[in-house]
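# A look at the structure
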Amino acid sequence: MAASASPDSGIARLVIENCAIATVDADDTEYASGHVVVAGNRIESVGAGPAPEGLDGVARRIDGTGHLLTPGLVNTHHHFYQWLTRGLATDHNLFNWLVALYPTWARIDEPMAAAAARGSLAMMARGGVTTAMDHHYVYPRGAGDLSGAIIRAASDLGVRFTLARGSMDRGESDGGLPPDFAVETLKGALAATEETIDKYHDASFDAMTQVAVAPCSPFSVSTDLLRQGAELARHKGVRLHTHGSETVEEEKFCHELFGMGPTEYFESTGWLGEDVWMAHCVHMNDSDIDAFARTGTGVAHCPSSNARLAAGIARVPDMLAAGVPVGLGVDGTASNESGELHTELRNALLINRLGPHREAALTARQALRLGTYGGARVLGRADRIGSVEAGKLADLVLWKLDGLGHSTIADPVTALVLGAAAPVTLSLVNGRPVVADNRLTTVDEDEIAHTARAEAQRLARIAAEG
């Protein structure tokens, strides 16, 4: 039986049929051969077999034979500016990596931020991401309108987007890691964050741009910034994001400075709750996981970055068993040079199987859920995106699975998660195509690559000059 929303004969329709469908709904409904009807920016119906006959206003009909249709991928943690510093400090742990790269990052300006955002977004969108987020927290003095540049880049590509407006107010002179000229004052950071919310946050059902309050991390922000940031977010009705429990060094830092572990510290500052999600959460004990489950605090799991920086293996199976909301994140491309979220489906499954749960850690379908519905839940949008259901927004991906790379894998979800990177035949955001036949439709990929390369070289020159 097809699920359907109330039909509207006045809206142009797109019909996709004859494809396998993984809906990622509450029952994990799948169709070996099914259809989806998109009306405007909403999913109108989904079900087995061909689409209903007699539909009005069908503007396009796609034969999805040999394809798998899924919800669009949702990225829950990233740092776009790092697109300009890929391939550096490749043999460092987190703290040494930050020390090595902060002097360069502290020189970014508006054109650099724009180029990096376009490169990061383009790479993700081409690989099936329909909702992205950027945790941008480096705001050097005199650098220009960095938040505006990032948001404009997402708008140009047509990707649904959350800007986690980050901040740092603990520089080197206060015991932090970033250079002093790359941090803001407490007052300045809060004012700029509020201004960004007022200017860009859209709370509507089909919002393309939202803003979250996102002080960087316990070792780069003051306790006052965390507390007042949480108060600001709840006053404005937006979500909260930060890094948490990423490394053993962070845990040691929190105990030495605050007399408690990261989770206890976050709870003491108002940073646990259903409106909060944290990146990494690698070093979580049972009581930490219980606290996240009790409060509904979400996690952005970044398996490739955690491995690249030797941070460890997050306890994702235990989090899921406890009821913690978990999504996937690319993380910054200075610690995940590929910049593609669909590779995180595979890496989440494989890396977690190296942990104590071994082969029972995650299944292919759980990995797909992390990258779709799980991410939507973490970003507070699970009622709108993250599954293929009638009435939800038409953020969908049609993956081509009939080529050489997947030719002998019978199960399409297994093929997508464990097989070679699948080409994207079509990616829709809000019912509009952003990828067709594995190429971006809204921007020029070659121009993005050329501009980003030039800005990366300019940044390297400025950093070298000191």
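Quick caveat, the model's predicted, so the values are computed rather than measured.

For the chain, the count of helices and strands is 14 helices and 18 strands. Based on the C-alpha atoms only, the size of the chain along its principal axes is roughly 70 × 45 × 45 Å. When each of the 466 residues of the chain is scored for burial, the buried share is 59%. Of all intrachain contacts in the chain linking residues separated by at least 6 positions in sequence, the fraction that spans at least 24 positions is 74%. Accessible area for the chain stands at about 17100 Å²; split by element, carbon and sulfur atoms hold 50% of it.

Turning next to the side chain of Asp-109. Examined against the element boundaries, Asp-109 turns out to sit in the loop between helix H1 (94-105) and helix H2 (110-126). For Asp-109, the side chain forms a polar contact with the main-chain nitrogen of Met-112, separated by 3.1 Å. Only 2.9 Å separates the side chain of Asp-109 from the side chain of Arg-458, close enough to count as a polar contact. The residues touching Asp-109, leaving out its near neighbours within four places in the chain, are Ala-143, Leu-146 and Arg-458.

Here we come to H2. Spanning 17 residues, H2 covers 24 Å between terminal C-alpha atoms, matching the ideal 24 Å at 1.5 Å per step. The set of residues buried in H2 consists of Met-112, Ala-113, Ala-115, Ala-116, Ala-117, Arg-118, Gly-119, Ser-120, Leu-121, Ala-122, Met-124 and Ala-125. Here the buried face of H2 lies against strand E8 (129-136), helix H3 (146-157), strand E17 (432-436), strand E18 (439-440) and helix H14 (445-465). Among the residues of H2, the N-terminal cap falls to Asp-109, whose side-chain oxygen and the backbone nitrogen of Met-112 are separated by 3.1 Å.

One pass over the full model with this rule turns up 2 cavities of 30 Å³ or more. Its volume calculated, the largest cavity comes out at about 120 Å³. Ranked by residues supplied to the lining of the largest cavity, first place goes to H1 with 4 residues. Estimated volume of the second largest cavity: approximately 50 Å³. Ala-22, Thr-23, Val-24, Asp-28, Thr-29, Glu-30, Arg-365, Leu-368 and Val-413 together form the lining of the second largest cavity.

Now for the confidence of the model for the chain. Fine structural detail should not be taken from predicted coordinates in areas where pLDDT scores are low. Here the chain averages 95 in pLDDT, while 98% of its residues score no lower than 70. Summarising per-element confidence for the chain, the mean pLDDT is lowest in strand E1 (residues 3-4) (66) and highest in strand E6 (residues 67-71) (99).

Aromatic ring pairs: the centre-centre distance and the angle between the two ring planes describe each pair. According to the stated counting rule, one finds 10 aromatic pairs in the structure shown. Each ring, one from Tyr-81 and one from Trp-105, has its centre 5.2 Å from the other, and the planes form 80°; the classification is edge-to-face. Taken together, the residues Tyr-81 in the loop between strand E7 (73-74) and H1 and Trp-105 in helix H1 connect sequence positions 24 residues apart. Across the pair, Trp-105 and Tyr-81 agree in class, each one buried. When the ring of Trp-97 is compared with that of Trp-105, the centres are 5.2 Å apart and the planes differ by 75°; the resulting orientation is edge-to-face.

Moving on, we get to the nonpolar core. Ranked by internal contacts, the top residues of the largest apolar core, which has 111 residues, are Trp-97, Trp-105, Leu-121 and Met-319. It is H2 that contributes the most residues to this core, 8 residues altogether. Contacts of Leu-121, omitting those with residues within four sequence positions, involve Phe-80, Ala-132, Ala-153, Ala-154, Leu-157 and Val-159. With 17 residues, the next largest nonpolar core counts Ile-21, Val-36, Ala-394 and Leu-426 among its residues.

With that out of the way, let us pick up the packing of H2 against H14. Axis separation between H2 and H14 bottoms out at 9 Å; the angle between their running directions is 135°. Considering their axes alone, H2 and H14 lie oblique with respect to each other. Once H2 is placed against H14, the crossing between them reads as left-handed. Contacts from Pro-111, Met-112, Ala-115, Arg-118, Gly-119, Ala-122 and Arg-126 in H2 reach Glu-445, Glu-447, Ile-448, Thr-451, Ala-452, Glu-455, Arg-458, Leu-459 and Ile-462 in H14. Partitioned by chemical class, the residues of the contact of H2 with H14 number 8 nonpolar, 2 polar and 6 charged.

Here the focus is the pattern of salt bridges. Overall, the coordinates contain 25 salt bridges when judged by the stated rule. Taking the shortest distance from any N to any O, the salt bridge between Glu-194 and Lys-236 comes out at 3.4 Å. Here the residue Glu-194 occupies a position in helix H4 (residues 186-200), and Lys-236 occupies one in helix H5 (residues 223-236), the gap between them amounting to 42 residues. Owing to a relative accessible area of 31%, Glu-194 belongs among the partly exposed residues under this scheme. Of the charged contacts, one joins Glu-455 and Arg-458 as a salt bridge, the two residues approaching to 2.7 Å between their closest N and O atoms. Taken together, the positions of Glu-455 and Arg-458, both in helix H14 and 3 residues apart, correspond to about one turn of that helix. A residue is classified by how much of its surface remains accessible, and Glu-455, at 14% relative accessible area, is buried. Taking the relative accessible area as the measure of exposure, Arg-458 reaches 23% and is therefore partly exposed.

Rules of the game
Residues numbered from 1 in each chain as written. Predicted model: local features only at pLDDT ≥ 70, side-chain atom pairs only at ≥ 80, totals over all residues. Heavy atoms only, no water. Helix = DSSP H or I, 4+ residues; strand = E, 2+ residues; numbered from the N terminus. Buried < 20%, exposed > 50% of the residue type's maximum accessible area, 1.4 Å probe, protein only. Contact = heavy atoms within 4.5 Å. Areas by Shrake-Rupley, 256 points an atom, 1.4 Å probe, with all protein chains shown as cover. Polar contact = N/O pair within 3.5 Å; in protein donor to acceptor, adjacent residues only side chain to side chain. Expected span 1.5 Å × (residues − 1). 1 Å grid on protein atoms, 1.4 Å probe; cavity = no way out; pocket = protein on both sides within 12 Å on 5 of 7 lines; lining within 4 Å. Points joined across faces, edges and corners; volume = space filled by probe spheres on them. pLDDT = per-residue confidence, 0-100. Phe/Tyr/Trp six-rings, centres within 6.5 Å; stacked < 30°, edge-to-face > 60°. Core = buried A, V, L, I, M, F, W, Y, C linked by side-chain atoms within 4.5 Å. Axes fitted to C-alpha atoms, helices over the stretch in contact; angles between N-to-C directions. Parallel < 35°, antiparallel > 145°, perpendicular 65-115°, else oblique. Left-handed = near helix turned anticlockwise from the far one by under 90°. Nonpolar A, V, L, I, M, F, W, Y, C, P; charged D, E, K, R; others polar. Salt bridge = Lys/Arg side-chain N within 4 Å of Asp/Glu carboxyl O.

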